[in-house]
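Breakdown of the fold
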Amino acid sequence: TRELALQVTKHLKAIADGTGIGVVAIVGGLAEVKQKRLIGLCPEVIVATPGRLWELLPKYDYLKEASDGENGTLSFLVIDEADKMCERGKFDELGK
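The structure contained in this document is the topic of the report that follows. (Residues numbered from 1 in each chain as written. Predicted model: local features only at pLDDT ≥ 70, side-chain atom pairs only at ≥ 80, totals over all residues. Heavy atoms only, no water.)

**Observations concerning the pairing of strand β2 (residues 45-48)**
Here β2 shows two buried faces, one formed by Val45 and Val47 and the other by Ile46 and Ala48. The pairing of strand β1 (residues 23-26) with β2 spans four bridges and is parallel. By the bridge assignment for β2, Ile26 is matched with Ala48. The handedness of the β1 to β2 crossover, carried by helix α2 (residues 32-40), is right-handed. (Buried < 20%, exposed > 50% of the residue type's maximum accessible area, 1.4 Å probe, protein only. Helix = DSSP H or I, 4+ residues; strand = E, 2+ residues; numbered from the N terminus. Pairing = 2+ DSSP bridges. Right-handed = clockwise from strand over helix to strand, strands pointing away.)

**Focus on helix α1 (residues 2-16)**
Here α1 contains 15 residues, and its C-alpha end-to-end distance of 21 Å stays within 8% of the 21 Å for a straight helix at 1.5 Å per residue. For α1, every residue scored as buried is listed here: Ala5, Thr9 and Ala16. Around the axis of α1, the buried residues are gathered within 40° of arc, so they sit on the same side. Relative to its buried face, α1 has exposed residues pointing more than 90 degrees away, namely Glu3, Lys10, Ala14 and Ile15. On its buried face, α1 sits against β1 and β2. Phi turns positive, to about 85°, at Gly18, one or two residues after α1. (Expected span 1.5 Å × (residues − 1). Arc of directions from axis to C-beta. Contact = heavy atoms within 4.5 Å.)

Shown next as structure tokens:
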């Protein structure tokens, strides 16, 4: 999952090169401090693995504010294996 998210991020960065559109990956296995710094860049696109996203979401106001409808700066959020999140018994956080 992490490897796929990083690969998607790499391709999106290549596409966005020169446009000023920020793309970052939020995945497990990387230091939370580094990911906090990446989130602080206020990217327009975040590619995330579900576990790390749920872990960081309550900790960083940018993630909450950025996804706040018309007021937010986040245009796209890519969640790797989102189909798995919809399976019964997986990621109960979705109901919150």
